[in-house]
Amino acid sequence: MSFRGHTSVASRSYRAFEATAPVDRASAARPTSASGCDNRDMPDSARFARQIVLPGFGDAAQDRLTASRVLVVGAGGLGSTVIPTIAGAGVGTIGIVDDDVVETSNLHRQLVHGTDDVGRRKVDSAADRVRELAPDATVVRHPERLTAANIEEILSGYDLVVDGSDNFPTRYLVNDATTLADLPSVWGAVSQYGGQVGVSWASRGPQYRDLFPTPPPPGSVLSCAVGGVLPTTVGVIGSLMATEVIKIITGVGDPLVGRVTVFDGLSGGFRELAYGADPDARPVTELIDYDAFCGIAPADAATTISAEDLASRLDDVTLVDVREPWEAAIASLPGAVLLPLGELPSRLDEIDTSRPAVVYCHRGIRSASAREHLEENGIDAVHLDGGIDAWSRLVDPSIVRY
Amino acid sequence: MAEAGSSVVVRYFAAASEAAGLEEERIEGTATVGELRAVLVERYGEAMARVLASGSFLVDGVVSRDDSRALGARVDVLPPFAGG
C-alpha cells in the first residue's frame with residue numbers, strides 16, 4: 001500500500017483525504033462567527049498554533065480539519081473522548097448519533113456529560129460541550145438509533161465516521177455502510193481493562209469483517225454494563241481514535257489500516273496485530289438485517305414477557321431474579337426471590353410453582369438461559385424481555401438503571 | 001506453508017491472554033488450525049474454549065474459519081469487544 005513504509009513525516013502524508021473532503025461543500029455550510037466576521041476559511045491561528053507548528057502539519061492540515069465533516073456514532077465513553085478532542089483540534093462539522101439519555105452509571109467514564117445532564121439526551125449534552133470548546137464548529141445532532149434504513153442518508157453528509165458504539169449489530173452496520181460508500185471508518189471498542197482500535201477503509205485495505213467475519217453469539221462477549229469497564233480505557237482508546245481521525249483528514253502519518261492496536265490497562269502495554277483480507281469473505285453489496293445477523297431474535301411471545309405486560313400481572317406471578325446480590329442491592333423488582341444464575345440448579349426447590357414463574361436479570365440475556373434451565377426441569381416460565389433495564393425504561397423510571 | 005509437526009508462535013490478546021496466563025508462546029507438533037485449537041482447549045480449558053468460540057483465529061494475519069487449514073509461522077487469537 002502506498003502509505004506504508006515511508007519514514008519522514010512529510011513523505012508519509014499520502015494526501016488521500018483531499019478526494020473525499022471537498023473544501024467548498026463543507027465550508028459553504030459553515031456559519032459565521034459570533035462577531036459577525038466571516039472567518040470560515042481562516043482557522044484561528046492562535047487557537048491552533050501548537051498543532052500547526054508540528055512538522056508536516058501546517059496551515060494546509062488545519063484547513064483540511066476546518067473543511068472536514070465527521071460523524072461520531074455513540075456519545076458514550078469513546079464518544080466522550082473523541083468528540084471534545086476533535087472539536088478542540090478544529091474539525092469543522094461534527095455529527096453525533098445516539099438515541100440514549102445520560103445515566104448516573106455513565107458519569108464515571110463518559111466525561112462529556114455532567115451530573116446535571118442525567119436524564120438529558122446524550123446528543124444534547126455532547127453538543128453543548130462542543131459549542132463551549134469550538135464555537136465556530138457546526139454540530140449536527142442525530143438523536144436516533146442508526147439502522148439499515150437511515151444510515152445511508154445520514155452518512156451522505158460526512159467524510160469520515162467514528163464508530164464508538166456499544167453493540168455488534170451497529171458495528172457491522174457501520175462497517176458495511178462505510179464500505180459501500182468507501183468512507184474511512186475509525187472504530188474502537190473497550191472491555192473491562194482494555195480496548196482495541198483500527199481503521200476500516202474499503203479502497204485502502206481490509207475492513208472490520210476481515211478481522212471479525214462472524215459476530216460472536218449473543219451474550220458471549222461482556223458489555224460494559226455486565227463486565228464493567230475501567231474509565232481510563234475509553235480515554236486511551238478514544239484518544240487513539242481521535243488521533244486516527246486527525247491523521248486521515250490531514251494526511252499526516254500512517255492510518256491504522258490493516259492493523260489493530262490492542263491496549264491492556266493491567267500491563268500498561270500496547271500490542272499491534274497486522275491483518276489482511278479474508279479470502280473467504282463475501283463482498284459487501286448491500287445492507288442486511290443486522291440484529292438477525294448477530295443472532296438477536298425478535299422477542300418470542302412463548303418464552304418472553306414484555307415489561308408492560310408483566311406490570312399488569314405482577315401480583316399473579318412468581319418473580320425470580322437470577323442476577324448477583326450486588327446487582328439486586330442496586331435495583332430490584334418487589335417480591336422477587338434472588339437466585340443467582342450459578343446457584344439456580346441447586347436451588348430450584350425455592351421457586352414457588354403455584355403461580356407462573358417469570359425470570360428476570362439485568363438485560364434479558366442470563367434470564368433466557370435460566371428460563372431454559374427451568375423448562376428442562378419441568379418448571380414453566382417466561383423471562384422478562386430486556387430485563388430490569390427495560391422495566392426502568394418502560395414502566396418505572398424510579399428503578400435505578402446501572 | 002507449514003509442514004506437519006512444525007512449530008508455530010501463538011500470540012494471545014485480551015481474554016485469550018488471561019485464559020493462557022501468558023501473551024505469547026511457541027507450540028510444537030500441530031499442523032492445522034483444528035489441531036492447534038484442540039491443543040489450546042486441552043491446555044487452558046473452558047476459559048480458552050469460550051474465547052475460541054467467539055474470537056478470531058488469524059493465521060499469519062489472515063482470519064481462518066477452516067479447521068483443516070495449515071498453520072504458518074504465527075497465529076493470533078483475538079476476542080472482539082463491543083463496549084463503547
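Along every chain, residues carry numbers that run from 1 in the direction the sequence is written. A letter from A marks each chain and a number from 1 marks each ligand, given out in the order of writing. This being a predicted model, a pLDDT of at least 70 is required before a residue's local features are given, and a value of 80 or more before pairs of side-chain atoms are given or counted; all residues contribute to the totals for chains, interfaces and linings. As a rule here, side-chain values cover all heavy atoms of the structure and leave hydrogens and water aside.

**Some thoughts on the packing of helix H4 (residues 77-89) of chain A against helix H10 (residues 231-250) of chain A**
Packed helices, taken two at a time, are described by the angle their axes make and the gap between the axes.
Residue and element names in this part refer to chain A.
Then comes step 1: Look at H4 against H10: their axes get within 8 Å of each other, and the N-to-C directions meet at 40°. Considered as vectors, H4 and H10 are oriented oblique to each other. Crossing hand, H4 versus H10: right-handed. Along its contact with H4, which presents Gly-77, Leu-78, Thr-81, Val-82, Thr-85, Ile-86 and Ala-89, the element H10 presents Val-234, Gly-235, Ile-237, Gly-238, Ser-239, Met-241, Ala-242, Val-245 and Ile-246. Angles run from 0 to 180 degrees between N-to-C directions of axes, and those axes are lines fitted to C-alpha atoms, restricted for helices to the stretch in contact. Only runs of H or I of at least four residues qualify as helices and only runs of E of at least two qualify as strands under DSSP, and these elements are numbered from the N terminus. Angular relationships are summarised with four words: roughly parallel below 35 degrees, roughly antiparallel beyond 145, roughly perpendicular across 65 to 115, and oblique for the angles in between. Two helices that cross are described as forming a left-handed crossing if the nearer one is turned anticlockwise from the farther one by less than a right angle, and a right-handed crossing if clockwise. Contacts between residues were defined by any pair of non-hydrogen atoms, one from each residue, lying within 4.5 Å.

**Digging into the packing of aromatic side chains**
Then comes step 1: Two rings from Phe, Tyr or Trp (for Trp, the six-membered ring) form a pair when their centres are within 6.5 Å of each other. A pair whose planes differ by under 30 degrees is stacked, one over 60 is edge-to-face, and the rest are tilted. Inspection of every chain in the model, using the stated rule, returns seven aromatic pairs over all chains.
Then comes step 2: Centre to centre, the rings of Tyr-172 of chain A and Phe-293 of chain A are 5.1 Å apart; their planes meet at 80°, and the pair counts as edge-to-face. One end of the pair, Tyr-172 of chain A, is in helix H7 (residues 168-181); the other, Phe-293 of chain A, is in helix H11 (residues 290-293), with 121 residues separating them in the sequence.
Then comes step 3: You can call Phe-293 of chain A partly exposed: its relative accessible area is 28%.
Then comes step 4: Between the aromatic rings of Phe-263 of chain A and Phe-270 of chain A, the centroid separation amounts to 5.0 Å while the plane-to-plane angle is 35°, which identifies the pairing as tilted.
Then comes step 5: The partly exposed category is assigned to Phe-270 of chain A, whose relative accessible area is 48%.
Then comes step 6: In textbook terms, an aromatic cluster arises when at least three aromatic residues are bridged by ring pairs, as seen for Tyr-172, Trp-187, Tyr-208, Phe-212 and Phe-293 of chain A.
Then comes step 7: Positioned over the ring face of Phe-13 of chain B is Arg-271 of chain A, at 4.2 Å from the centre of the ring. Burial classes: relative accessible area under 20% of the type maximum marks a residue as buried, over 50% as exposed, and values in between as partly exposed (1.4 Å probe, protein chains only). Only lysine NZ and arginine CZ atoms are considered, and such an atom sits over a ring when it is within 6 Å of the ring centre and within 35 degrees of the ring normal.

**With respect to the nonpolar core**
Then comes step 1: For our purposes a nonpolar core is just a set of buried Ala, Val, Leu, Ile, Met, Phe, Trp, Tyr and Cys residues, chained together by side-chain atoms within 4.5 Å. Judged by nonpolar contacts, the single largest core of 44 residues is most densely connected at Val-70 and Ile-86 of chain A.
Then comes step 2: Considering every element that reaches this core, the biggest residue donor is H10 of chain A, with eight residues.
Then comes step 3: In contact with Ile-86 of chain A, not counting residues within four places along its chain, are Val-70, Val-72, Val-91, Ile-94, Ala-242 and Val-245 of chain A.
Then comes step 4: Among the nonpolar cores identified, the runner-up in size contains 32 residues, and Leu-173 and Ala-177 of chain A together with Leu-58 and Val-63 of chain B belong to it.

**Points about the confidence of the model for chain B**
Then comes step 1: Scored from 0 to 100, pLDDT records how confident the predictor is in each individual residue. Chain-level pLDDT for chain B is 92 on average; 94% of the residues reach the 70-or-more range.
Then comes step 2: Confidence estimates for the predicted assembly give a pTM of 0.79 and an ipTM of 0.93.

**Some words on the sheet that holds strand E8 (residues 269-274) of chain A**
Residue and element names in this part refer to chain A.
Then comes step 1: Two strands form a pair only when DSSP identifies at least two bridges running between them. With mixed pairing, the eight strands of this open sheet are ordered in space as E3-E2-E1-E4-E5-E6-E7-E8. A strand with exactly one partner marks an edge of an open sheet, and here the two such strands are strand E3 (138-142) and E8. Each strand of the sheet is rotated relative to its neighbour by a mean of 15°, with strand direction disregarded.
Then comes step 2: Judged from the five bridges that link them, strand E1 (residues 69-73) and strand E2 (residues 93-97) form a sheet pairing that is parallel. Bridging across to E2, Arg-69 finds its partner in Thr-93.
Then comes step 3: This element, H10, spans E1, strand E4 (160-163), strand E5 (185-191), strand E6 (194-200), strand E7 (259-264) and E8 of the sheet and lies at about 170° to E5.

**A look at the sheet that holds strand E2 (residues 24-27) of chain B**
Backbone hydrogen bonds are what pair the strands of a sheet, in a parallel or an antiparallel way.
Residues and elements named next belong to chain B.
Then comes step 1: If you trace the five strands from one edge of the open sheet to the other, you get E2-E1-E5-E3-E4, paired in mixed fashion. Whereas interior strands pair on both sides, the edge strands pair on one side only; in this sheet they are E2 and strand E4 (62-63).
Then comes step 2: Both strand E3 (residues 56-59) and E4 contribute to a ladder of two bridges, which runs antiparallel. Bridge pairing in E4 places Leu-58 opposite Val-63.

**Observations regarding the interface of chain A and chain B**
Then comes step 1: Across the boundary between the two partners, chain A contributes 42 residues, which contact 21 residues of chain B.
Then comes step 2: Approximately 2400 Å² of surface area, both sides summed, lies buried where chain A meets chain B, with 57% of it carried by carbon and sulfur atoms.
Then comes step 3: Buried area, as used here, totals the accessible surface that two parts lose on assembly, with accessibility defined by a 1.4 Å probe and the loss added over both. The largest contributions to the chain A side of the interface with chain B come from Phe-212, Arg-271 and Leu-273 of chain A, which together make up 26% of the buried area.
Then comes step 4: When a carboxyl oxygen of Asp or Glu lies within 4 Å of a side-chain nitrogen of Lys or Arg, that pair is called a salt bridge. There are two salt bridges connecting chain A and chain B.
Then comes step 5: The salt bridge involving Arg-271 of chain A is made with Glu-23 of chain B; its shortest N-O contact spans 3.8 Å.
Then comes step 6: Any pair of nitrogen or oxygen atoms within 3.5 Å is treated as a polar contact; in protein, a donor-acceptor pairing is required on top of that, and neighbouring residues in sequence qualify only through side-chain atoms on both sides. Run the count over chain A and chain B and you get twelve residue pairs in polar contact (both at pLDDT 80 or more).
Then comes step 7: Within the residue set of the side of chain A that touches chain B, elements represented by two or more residues are H4, H7, E5, E6, helix H8 (208-211), E7 and E8 of chain A.
Then comes step 8: In this count, Pro and Cys sit with the nonpolar residues alongside Ala, Val, Leu, Ile, Met, Phe, Trp and Tyr, while Asp, Glu, Lys and Arg are called charged and the others, Gly among them, polar. Residues belonging to the side of chain A that touches chain B are distributed by class as follows: 20 nonpolar, 14 polar and eight charged.

**Topic: the confidence of the model for chain A**
Residue and element names in this part refer to chain A.
Then comes step 1: On average, residues of chain A score 88 in pLDDT, and 89% of them are at 70 or above.
Then comes step 2: For residues 1-16, every residue scores under 50 in pLDDT, and the model assigns this stretch 33 contacts once sequence neighbours within four places are set aside.
Then comes step 3: Segment residues 18-40 is flagged for pLDDT under 50; beyond a separation of four residues in sequence, or across chains, it makes 27 contacts in the model.

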